[in-house]
Amino acid sequence: MNFSARQKVVVIAILTVTSSVLRAQGPLISLPEDTLAMVGPLPITARDLIERIQLLPWPEKENPATYDTAKAKGLYSLIAEKLFALEGRKHNLADDAKARIAIATLEQALVRDELYKREIRSKVDVSADEIAEGLRRFGSQLEVLSLSVRSKAEGDSLARQLAKSSDPNPIIGSLIGLVLRVDTMIIRFGGGELAVEHAAYSTGRERVSSPVFSRSSGWTVLYLLDRSPNPAASRMSLRERRHHVREIIKARKEQQEAHRFSLNMLSGKRARTDSSVFMLLATMLHEGLQQMVEERSFMVSEWVDYLKRRSEPYLEKPLVRLNGRSLSVEDVLEALRYEDRPMRPAGVEDVQLQFNEVIKRVVELYLLSQVGYARGLQHSSAVQRDVRTWSDAWIAQRYIHMLSDTVAVSEQEVREFMMQNADYYGRAYEVSVHEILLPDLESAMRVLDEIEQGEGFEQLARTWTTRNEWRESGGESGYFLVLQHPAIGIAALQHDVGEIVGPLRLPEGYSIFKILGKRKRAEDVPAIEEVMAHAQKELLGIKRQRIVDRMLAELSQEFLVHVWEGRLRRVEIIRSNMVTRRLIGFGGVMMAVPMLQPQWGWMREVRGRIQIIP
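Residues numbered from 1 in each chain as written. Predicted model: local features only at pLDDT ≥ 70, side-chain atom pairs only at ≥ 80, totals over all residues. Heavy atoms only, no water.

Bringing the pattern of salt bridges into the picture now. In the structure shown here, the tally under the stated rule is 45 salt bridges. Here Lys71 ties to Asp68 by a salt bridge, and the two come within 3.6 Å at their closest N and O atoms. With a gap of 3 residues between them, Lys71 and Asp68 both fall in helix H2 (residues 67–90), about one helical turn apart. Taking the relative accessible area as the measure of exposure, Lys71 reaches 1% and is therefore buried. When the shortest N-O distance is used, the salt bridge between Arg415 and Glu411 registers 3.9 Å. Here the residue Arg415 and the residue Glu411 both occupy positions in helix H15 (residues 411–420), the gap between them amounting to 4 residues, near one helical turn. Exposure remark for Arg415: the relative accessible area of 10% places this residue in the buried category. (Salt bridge = Lys/Arg side-chain N within 4 Å of Asp/Glu carboxyl O. Helix = DSSP H or I, 4+ residues; strand = E, 2+ residues; numbered from the N terminus. Buried < 20%, exposed > 50% of the residue type's maximum accessible area, 1.4 Å probe, protein only.)

Now for the sheet that holds strand E15 (residues 500–506). Taken together, the 4 strands give an open sheet; going across it, the order is E14-E13-E16-E15, and neighbouring strands pair in antiparallel fashion. Unpaired on one side and paired on the other, strand E14 (480–481) and E15 mark the two borders of the sheet. Inspection of the sheet shows strand E13 (residues 429–438) paired to E14 by 2 bridges, in the antiparallel sense. If you follow Glu430 over to E14, its bridge partner there is Leu481. (Pairing = 2+ DSSP bridges.)

At a closest axis distance of 11 Å, the pairing of helix H3 (residues 97–119) and helix H9 (residues 238–266) adopts a crossing angle of 110°. The angle between H3 and H9 falls in the class roughly perpendicular. In this structure, the crossing between H3 and H9 has a hand that is right-handed. Across the interface between the two elements, Leu115, Tyr116 and Glu119 from H3 touch Glu254, Glu257, Ala258 and Phe261 from H9. In terms of residue class, the contact of H3 with H9 is made up of 4 nonpolar, no polar and 3 charged. (Axes fitted to C-alpha atoms, helices over the stretch in contact; angles between N-to-C directions. Parallel < 35°, antiparallel > 145°, perpendicular 65-115°, else oblique. Left-handed = near helix turned anticlockwise from the far one by under 90°. Contact = heavy atoms within 4.5 Å. Nonpolar A, V, L, I, M, F, W, Y, C, P; charged D, E, K, R; others polar.)

Another aspect to go through is the nonpolar core. Within the largest apolar cluster, 43 residues are counted, with the highest numbers of intra-cluster contacts made by Leu75, Ile79, Leu83, Phe84 and Trp602. Where this core is concerned, the elements lending two or more residues are strand E4 (35–39), strand E5 (42–45), helix H1 (46–54), H2, helix H14 (381–404), helix H21 (528–559), strand E17 (561–564) and helix H23 (603–606). The element contributing the most residues to this core is H2, with 11 residues. Discounting residues that sit within four places of it in the chain, Leu83 has contacts with Val39, Leu552, Leu555, Ser556, Phe559, Val561 and Trp602. (Core = buried A, V, L, I, M, F, W, Y, C linked by side-chain atoms within 4.5 Å.)

Functional significance is not addressed by these values, which are geometric in nature.
Here's what the structure looks like:
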């Protein structure tokens with residue numbers, strides 16, 4: 001499956017795991033399991049609440065005055081999510097193709113993560129001797145010369161010559177053909193390649209290391225220039241240093257064990273990509289990455305979404321074939337959502353090479369997840385809990401969108417909304433109209449007929465209008481602040497100059513008017529079109545939230561909700577807002593938990609109708 005830029009075809013390759021393997025994230029803290037609420041058959045525990053409002057930002061939790069309120073709103077929002085998830089499942093929102101592939105891809109990542117925990121993390125231990133050596137190294141940082149050579153033999157020769165001298169410069173200067181590159185490096189424990197770090201900290205009195213192979217520099221000899229205290233270590237207590245050192249050693253040992261395990265599981269496995277589909281996707285990706293450079297956007301999810309939109313006719317086509325199975329274009333693209341290394345914009349061939357490596361990695365991780373499935377890890381409590389958490393959040397969000405799509409706002413509703421908020425919308429704009437104010441609807445309709453038959457607006461106004469202050473000017477108002485006549489002013493903002501509006505019912509009668517002009521009072525206020533769009537969006541959001549709250553109130557009665565408020569008061573959360581990502585075993589990354597959507601307004605409608613247990 002390696003891509004050859006020269007041949008421009010995709011060929012078969014043995015699947016091997018890369019040496020860069022991420023650890024699965026362990027438990028952050030010990031979480032209580034007290035049930036805080038029951039939503040039909042579904043319990044919501046303290047652990048559920050803590051994870052959702054502690055690991056990601058949540059409003060009001062940082063303020064001591066609103067801390068308890070923030071917890072309550074978090075619980076009510078989590079109840080809302082469960083209610084919508086239950087109702088969404090009744091509407092089969094988890095069963096369409098889009099939902100099935102998203103949930104299946106998530107489950108694969110979680111199964112792989114569970115496999116990592118059982119086969120890698122649980123089998124790695126750190127000895128007291130390893131911690132002692134790590135503490136010794138962590139206490140200092142080393143400044144070294146890095147001398148790159150062609151081979152180990154040349155490195156041995158260079159090391160022997162450097163060991164004989166207290167000053168490396170004359171020797172280096174005399175060996176220009178032997179030494180390919182000289183760099184100065186600062187080496188700290190846990191901060192780079194293990195082999196290079198080990199060589200640096202192992203230098204003796206001669207201050208010279210044996211040749212070591214570096215992934216970035218090839219064969220290298222290190223010469224110690226200076227040893228000084230490590231500032232990071234000096235800021236930590238002994239307990240903190242021990243913990244830090246242990247985590248570094250454990251991570252490195254897990255990485256080595258994961259590499260060995262992956263090689264064993266993937267040995268002999270082969271995969272073939274459809275070269276025509278690959279080239280099509282790579283071309284689309286190249287174009288998308290260039291566009292994202294212009295928009296300064298490099299999120300993995302964004303270029304995945306871009307590719308899915310562009311490749312929609314091909315999503316069901318097989319892209320990779322392996323062991324009698326195939327992965328479709330959509331299978332691969334969904335898996336890329338968990339990729340932790342975004343692609344960089346580049347030339348066409350470089351993007352093709354990058355994309356080939358990304359697909360190769362997706363296939364490797366897919367095969368590792370199949371090892372987990374073969375061991376039944378999809379049935380483990382950890383995997384099932386996480387799948388339920390994420391799928392409930394997705395289904396709830398889809399149900400909210402389904403409800404929201406039924407809501408619309410009319411021109412009349414927007415006008416009434418702006419009238420109710422005239423103090424906000426009416427101070428920044430002025431309008432000018434030609435108006436005829438009539439005492440009743442019958443008179444207004446008669447005058448409107450005359451206008452449509454070609455009668456002059458000015459003469460009709462002088463004859464019929466009951467608005468005395470504009471009568472003498474033939475009904476022409478001149479520019480006035482929208483706030484002065486909000487019904488006329490806001491209606492004028494909604495229509496184009498030259499349009500005739502009405503009859504419009506006002507407290508003083510029925511108004512027919514022609515719009516002569518509209519303008520901003522100052523240059524720094526938004527354009528009239530923008531403020532109209534803002535009002536429409538604001539009203540649409542309010543109407544949608546009312547529909548959502550009303551539906552939640554109904555569902556809370558249908559599914560029966562119980563809340564233990566006394567237990568909620570005892571729950572403690574970290575008040576700082578943070579964004580927490582979860583590293584997936586063998587590689588990949590995702591958000592620690594789904595973002596919880598604030599949904600607590602519905603409780604005002606049902607307070608007293610659901611069971612609140614002190």
